[in-house]
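Chain by chain, the residues:
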There are 2 protein chains.
Amino acid sequence: MSEQPVDDMVVTPWDVSGELDYAKLIEKFGTKPMTGSLLNRIESLVGDLHPMLRRGIVFSHRDFDWLLNHIEKHGKSDFVLYTGRGPSGNTHIGHLVPWQFTKWLQDKFDVHLYFQITDDEKFLLDPINRTYAQMQAYAMENAKDILAVGFDPEKTHLIIDSKAGPKFREVATTVSSRINFTTAKAIFGFTESTNIGMIYHAAIQSAPCFYPSVLLGRNIPVLIPAGIDQDPYWRATRDVAEKLGWYKPTALHSEFIPGLGKGGKMSASQPNSTIFTTDTPKQAGKKVKRAVTGGRQTIAEQKELGGIPEQCNVFSWYRTIFEDDDSALQKRYEDCRSGTLMCGPCKQELADRVVIFLEMHQSRREDVEDLVEQTIIRE
Amino acid sequence: MSEQPVDDMVVTPWDVSGELDYAKLIEKFGTKPMTGSLLNRIESLVGDLHPMLRRGIVFSHRDFDWLLNHIEKHGKSDFVLYTGRGPSGNTHIGHLVPWQFTKWLQDKFDVHLYFQITDDEKFLLDPINRTYAQMQAYAMENAKDILAVGFDPEKTHLIIDSKAGPKFREVATTVSSRINFTTAKAIFGFTESTNIGMIYHAAIQSAPCFYPSVLLGRNIPVLIPAGIDQDPYWRATRDVAEKLGWYKPTALHSEFIPGLGKGGKMSASQPNSTIFTTDTPKQAGKKVKRAVTGGRQTIAEQKELGGIPEQCNVFSWYRTIFEDDDSALQKRYEDCRSGTLMCGPCKQELADRVVIFLEMHQSRREDVEDLVEQTIIRE
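Residues numbered from 1 in each chain as written. Chains lettered and ligands numbered in written order. Predicted model: local features only at pLDDT ≥ 70, side-chain atom pairs only at ≥ 80, totals over all residues. Heavy atoms only, no water.

Student: An account of the environment of Pro33(A) is requested, with residue identities and associated values reported.
Tutor: Residue and element names in this part refer to chain A. Relative to the helices and strands, proline 33 is located in strand β3 (residues 32–33). Residue classification places proline 33 among the partly exposed positions, given a relative accessible area of 44%. With 26 residues separating them along the chain, proline 33 and phenylalanine 59 place their C-alpha atoms 5.8 Å apart. (Helix = DSSP H or I, 4+ residues; strand = E, 2+ residues; numbered from the N terminus. Buried < 20%, exposed > 50% of the residue type's maximum accessible area, 1.4 Å probe, protein only.)

Student: Talk me through helix α5 (residues 93–109) of chain A; I want residue IDs and the actual numbers.
Tutor: Residue and element names in this part refer to chain A. Along its 17 residues, α5 runs 25 Å from first to last C-alpha, staying within 8% of the 24 Å computed at 1.5 Å per residue. Across the 17 residues of α5, 12 count as buried, placing the element largely inside the fold. Along α5, the positions that sit buried rather than exposed are Ile93, Gly94, His95, Leu96, Val97, Trp99, Phe101, Thr102, Trp104, Leu105, Gln106 and Phe109. Once α5 finishes, aspartate 110 follows within two positions and takes phi at roughly 55°, a positive value. (Expected span 1.5 Å × (residues − 1).)

Student: Requested: an account of the relation of the copies chain B and chain A, with residues and values cited.
Tutor: It takes a turn of 180° to lay chain B on chain A, together with a shift of 0.0 Å along the axis; the resulting RMSD is 0.0 Å. The superposition operator between the copies reduces to a two-fold rotation axis. Among all residues of chain B, the one whose C-alpha sits closest to the rotation axis is Tyr200(B), at a distance of 2.9 Å. Most of the interface of chain B is mirrored in chain A, where 100% of its interface residues are also at the interface. (Least-squares fit on C-alpha atoms with pLDDT ≥ 70 in both. Contact = heavy atoms within 4.5 Å.)

Student: Explain the sheet that holds strand β9 (residues 250–254) of chain A to me, and be specific about the residues and the numbers.
Tutor: Residues and elements named next belong to chain A. Read from one edge of the open sheet, 7 strands run β3-β4-β9-β8-β5-β6-β7, paired in mixed fashion. Here the strands that pair on one side only, and so sit at the sheet edges, are β3 and β7 (156–160). Sheet topology places strand β5 (residues 80–85) next to strand β6 (residues 113–117); 5 bridges connect them, and they run parallel. Opposite threonine 83, over in β6, you have phenylalanine 115 as the bridge partner. Its contacts with the sheet place α5 against β4 (58–62), β5, β6, β7, β8 (222–227) and β9, and it is angled at close to 165° to β5. (Pairing = 2+ DSSP bridges. Axes fitted to C-alpha atoms, helices over the stretch in contact; angles between N-to-C directions.)

Student: Lay out the packing of α5(A) against helix α17 (residues 343–367) of chain A with the relevant residues and their values.
Tutor: Residue and element names in this part refer to chain A. Two elements in contact, α5 and α17, have axes whose closest approach is 13 Å; the angle formed by their N-to-C orientations is 75°. One way to sum up the angle between α5 and α17 is to call them roughly perpendicular. Contacts between α5 and α17 pair Ile93, Leu96 and Gln100 from the former with Val354, Phe357 and His361 from the latter. Grouping the constituent residues of the contact of α5 with α17 by class yields 4 nonpolar, 2 polar and no charged. (Parallel < 35°, antiparallel > 145°, perpendicular 65-115°, else oblique. Nonpolar A, V, L, I, M, F, W, Y, C, P; charged D, E, K, R; others polar.)

Here it is as structure tokens:
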């Protein structure tokens, strides 16, 4: 008999699967846990805390304490935000959650956001089955979803890799000069058969950490709100920063939003357990009602034993995105545990909220269409 | 005693040194020798032959026979020229020789020329001691020398890597998706400690082979007049072309122009044996008069035995650039062999011609300054 691996959690920039243990991820990636003291410092700077901060969904960071020291000294707006999206398909709700948090950061700290869309990387990952033009088209579609989240168009700069300009290229080339194949291989798991475009892409994805400094003509810190799976990119970047005299990027890591099926993060490759921003409200409602929950086999059993919200995708969606009110969330948790709330109505309520959310998002998506061109940075 | 290597000839894209044996280079690089039959076909297409063709200075080719078949069928202008320059310093006369031949090809075949200036590569080769901005500045200076050669500004497109646009990047990314690290390593001699920018540059230097086809929206052959040392780049490119359905690039290889000192090709790293386009006429004249020749130790000896033009840098310069007239060249050869012509007057005459050439080049260099911007392609 072959042994089962004790730990089947896989978290890389290209794959998140298995049962996720966030304490182990902090250990694995060598980051630091979010603390109450850091939350207090945020609150005293901006007046309140986003639900993802209050609820521990933002669970880890790199040098966020250093960034707080910096802005406590130089002003709360003395940094920029950088996050990204790999446009291999349509946007889903799992993407929107960290973007909403990023918007909150932009609003509260009043800072510029550089949003990279890596259409070139998505092509390079599978050049046989994908075309460059397809990935560019997804990039433009995804850009609408990004702007529909409500970022300040005056302070938001879309870096679409295939459209990036000479200053951006200069930063990428400079970064690439300081990463050798050994380092790239160790960090990203490249092999001898990896194509040279993917190898180089490490530099393209690092470049936005320094591009704002080059544009501004002075060193400015960068905060990256992202999944911890993207952390390897910033590890290479941090080494380069030290060599080149730029600030090392700082990061806030949030939990992965689960799909409606079993395990891992919400993924476009499992369309039935994922709600896309382009789904019709009817499709979306159906998917929610088929969700895997933390409920029991029968209603009788559930009334007796109560449900398990900790193992419930539906509860997870309320916690991360569909219930802003902490006391309402707490009540839902207790009603589930006590066997008062059954899965049927709980799913129905989520489906209703998802439908409203989608309708609003889709309408905003149309409204921002004209903003896409003007927010693309081509310098 | 340690053994001397029998063959100390080194020819790579980054180094040409030792005693050059062109027959061996053809064997080493797997190219084909230029033949009288190919020369006849050129002559019947365009009416005459450039001295570099008549004198065998263009000694090798890749698929030039295929290209002749193509244009004999589709018209003599149904291809484009591609050549390049790595701007690590000022231009010298050794660079101008193949450019003059390229201009002749442009004029005679009436074709477009894509001229790549790899400022990014020159930075990536030595990021510690060079800056990106320095290499960009050299690129702009070199561009003036290129245009001063007299290329048709309406049909000449400078691809300055640091200024290249999104369509060019698309081609480079596409090429990079089909070259893996194993291939790049084998062809270019990369190691694990090569930086990822240099690794990727193989794709940047291949891209101009296909960029004209993308711009035109149809497959068009490319002819590369270049030193044989650049051949490895086209080997990778030819593999990619087959995979992507583009024409494989064809090439004409010319001999290296020797410096005025001993061995190898003219090199900016030996400034005393190299004449730069920015040298004053006085400096240039002095350098020629100090040249290593094929002359004997004493005048008496030379009168008795004659000189050895085959081993003479001065004669080599007459042969490649400073004597268009075949019968005058033949006479100089015979006068040297017979002991009639001494090195002093032969050098003096070359110095005079070099000075006139430089003065004309420098004046044209000023005239074309305004053309640089309009010939840079940024698509």
